[in-house]
Amino acid sequence: MWEQLWINARLATMEPARTPYGAIEDGALGVEDGRIAWVGPRANLPDAPAALAHQVRDAGGRWITPGLVDCHTHLVHGGDRAREFELRLEGASYAEIAEAGGGIVSTVAATRAADEAALLESAGRRLDDLLKEGVTTVEIKSGYGLDAETEVKMLRVARALGRSRAVTVKTSFLGAHAAPPEAGGDRDGYIDQVIGEQLPGVMEEGLADAVDAFCEGIAFSPDQVRRVFDAAKAARLPVKLHADQLSDLGGAALAAEYGALSADHLEYTSEAGVAAMAEAGTVAVILPGAFYTLRETKLPPIEAFRAHKVPMALASDANPGSSPITSLLLILNMACTLFRLTPEEALAGVTRNGAAALGMAQEAGTLRVGKRADFALWDIDQPAELAYRLGWNPCAGVVRGGQVVR
Ligand code: DI6
Ligand code: FE
């Protein structure tokens, strides 16, 4: 007997090569030991529901999707940048703000000054916004500490968020996000510190599931990123990369060369970069929130991703500077409106492909037997509504590891 059997559900399984959305009208979903034990049309159930499970639950004809995956966030940080938003609207440039001590450096100062309890509280509020919309897996990066102590502090808070809430947290160590002011412009010297001090401290406490870096003119060169990736490889951690966001430094191809789980942003990625990602199986993480906030005009090469069959994931990039957004449903809409993704591609981006971007393709992201029983129930008539409407949350329930958590 299964623990649970959900009936009277319309399933968007998001399994590829079936119907649109992998949909099963009048579906049923069995749960055992926190995992999906059966999924299919109700008519194919081997017996009467009450004979199959201890608990039969009626989904009331609602749609059920896999639990949403936000595979790229900077949720843990001190302070905010609302004043900077005002200054930009008054005409100040990003560079002028940075020179006046604003920008990423101001978030680093606020994050260093905050204790773990304060960071847990502020990041928890942001995380709760995501969870209300059906998120069951979230990635959280460090990268606003830029010293060993604060990078460790951020990742401890990320881990603590996973213990305090019904969500699976994957962490990425992003010491190579920017050079801190005390580096005095010596980025190579700072990378020495990332590799020699920060990463070992993070490893000692088992705080990182992956290593990320920002490859950009205003951040780190491809050669500097290579040094970080070589250290990650030695530590047996998978890598990800903030690549080609503001210019094409060949970040996508660099990520692919290291077999990265994902390359993220990618507005300026060339076709050769896309082809390299396809070859390596690297997921493209598209971040329309940053594109929108920065009023970027260069579109990521969506057609090339399609042509080369590079899986596209979508994420919030939740951060105080370039994407102060904690709604994955809003991101679905932005991806469709700004990047012309189909609603089905968008939903795959926050389920199946988001899981793949975290190395969790076998564990999450679709409704398939053997995966974790992480799913969300929605008061909608068709899945496209998730991307279509703005400012509207139809999430009617969340199940994580077989437990009803919302
Ligand atoms: N790309 C971004 O857009 C953010 N980080 C990154 O690597 C910006 C972060 C910030 O402005 O605080
Ligand atoms: Fe980011």
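How each quantity is defined
Residues numbered from 1 in each chain as written. Chains lettered and ligands numbered in written order. Predicted model: local features only at pLDDT ≥ 70, side-chain atom pairs only at ≥ 80, totals over all residues. Heavy atoms only, no water. Donors = N, O, S within 2.8 Å, 3.2 Å for Na, K, Ca; no water. Tetrahedral: all angles 85-135°; square planar, octahedral: opposite > 155°, others 65-115°. Pairing = 2+ DSSP bridges. Helix = DSSP H or I, 4+ residues; strand = E, 2+ residues; numbered from the N terminus. Axes fitted to C-alpha atoms, helices over the stretch in contact; angles between N-to-C directions. Contact = heavy atoms within 4.5 Å. Near = heavy atom within 4 Å. Polar contact = N/O pair within 3.5 Å; in protein donor to acceptor, adjacent residues only side chain to side chain. Areas by Shrake-Rupley, 256 points an atom, 1.4 Å probe, with all protein chains shown as cover. 1 Å grid on protein atoms, 1.4 Å probe; cavity = no way out; pocket = protein on both sides within 12 Å on 5 of 7 lines; lining within 4 Å. Sits in = over half its atoms within 2 Å of the grid points. Points joined across faces, edges and corners; volume = space filled by probe spheres on them. Nonpolar A, V, L, I, M, F, W, Y, C, P; charged D, E, K, R; others polar. Patch = residues over 30% accessible without salt bridge, like charges linked within 9 Å, V, L, I, M, F, W, Y side chains within 5 Å. Salt bridge = Lys/Arg side-chain N within 4 Å of Asp/Glu carboxyl O. Buried < 20%, exposed > 50% of the residue type's maximum accessible area, 1.4 Å probe, protein only. Domains from an automatic or database assignment. Buried area = accessible area lost by both parts, 1.4 Å probe.

With that out of the way, let us pick up the coordination of the iron ion (ligand 2). For a metal with four tetrahedral donors the ideal donor-metal-donor angle is 109.5 degrees, while six octahedral donors give ideal angles of 90 or 180 degrees. Around the iron ion (ligand 2), the donor atoms from the protein are His 72 (NE2), His 74 (NE2), His 242 (NE2) and Asp 317 (OD), and they sit 2.1 to 2.3 Å away. Geometry at the iron ion (ligand 2) is irregular, judged from the 4 donor atoms that bind it and their angles of 81 to 165° at the metal.

Attention now moves to the sheet that holds strand β8 (residues 168-176). Taken together, 8 strands build an open sheet; the order of strands is β6-β7-β8-β9-β10-β11-β12-β13 and the sheet is parallel. Edge positions in the sheet fall to β6 (68-70) and β13 (312-314), since each has one partner strand and no second. Averaged over neighbouring strand pairs, the angle between their axes works out to 25° when direction is ignored. Bridging between strand β11 (residues 262-265) and strand β12 (residues 283-286) involves 3 bridges; their strand directions are parallel. Directly across from Asp 264, in β12, lies its bridge partner Val 285. Sitting on the sheet, helix α7 (residues 187-204) is in contact with β8 and β9 (210-215), with an inclination near 150° to β8.

The next thing to look at is the site of ligand 1. Around ligand 1 sit Arg 81, Tyr 94, Tyr 144, His 177, Phe 214, His 242, Gln 245, His 265, Asn 319, Gly 321 and Ser 322, and that is every residue in its neighbourhood. His 177 places a side-chain nitrogen or oxygen 2.8 Å from a nitrogen atom of ligand 1. At a separation of 2.6 Å, an oxygen atom of ligand 1 approaches a polar side-chain atom of Ser 322. Protein contacts shield 96% of the accessible area of ligand 1, which totals 320 Å² for the unbound molecule. Assessed atom by atom at 2 Å from the grid points, ligand 1 resides in the largest pocket.

Moving on, we come to the layout of surface pockets. When its volume is computed, the largest pocket comes out at roughly 1000 Å³. Considering the residues around the largest pocket, the lining is formed by 34 residues, among which Arg 81, Tyr 94, Ile 104, Phe 214 and Ile 218 are closest to the centre. Contributions of two or more residues to the lining of the largest pocket are made by α2 (82-89), α3 (94-99), α4 (103-113) and α11 (288-293). Per-element tally for the lining of the largest pocket: the top contributor is α2, with 3 residues. Counted by class, the lining of the largest pocket contains 18 nonpolar, 11 polar and 5 charged residues. Roughly 320 Å³ of volume is contained in the second largest pocket. Forming the walls of the second largest pocket are 21 residues, and the residues nearest its centre are Glu 344, Glu 345, Ala 348, Arg 352 and Asn 353. Among the elements of the structure, α12 (302-307), α14 (343-349) and α15 (352-357) are those that each provide at least two residues to the lining of the second largest pocket.

Together, Tyr 94, Ile 218, Leu 246 and Leu 294 make up a nonpolar patch on the protein surface, roughly 340 Å² of accessible area in all. Tracing the sequence through the fold places Tyr 94 in helix α3. Looking at Tyr 94, the relative accessible area reads 38%, which means it is partly exposed.

A few words on the domain arrangement of the chain. Where interface size is given, it is often the accessible area lost as the parts come together that is meant. Considered domain by domain, the chain is made up of domain 1 (2-66 + 367-404) and domain 2 (68-356). Opposite the 25 residues of domain 1 that make contact, domain 2 presents 21 residues. Overall, the association of domain 1 and domain 2 removes approximately 1700 Å² of surface from exposure, summing both partners, and the carbon and sulfur fraction of that is 65%. Summed over the three residues of domain 1 that lose the most area to domain 2, namely Met 14, Ala 387 and Arg 400, the buried surface amounts to 33% of that side. For the pair domain 1 and domain 2, the number of links is 7 residue pairs in polar contact (both at pLDDT 80 or more). Only β5 (63-66), β14 (375-378), α16 (385-388) and β15 (395-400) provide two or more residues apiece to the side of domain 1 that touches domain 2. If one sorts the elements of the side of domain 1 that touches domain 2 by residue count, β15 sits on top with 4 residues. Of the residues assigned to the side of domain 1 that touches domain 2, the class counts are 17 nonpolar, 3 polar and 5 charged.

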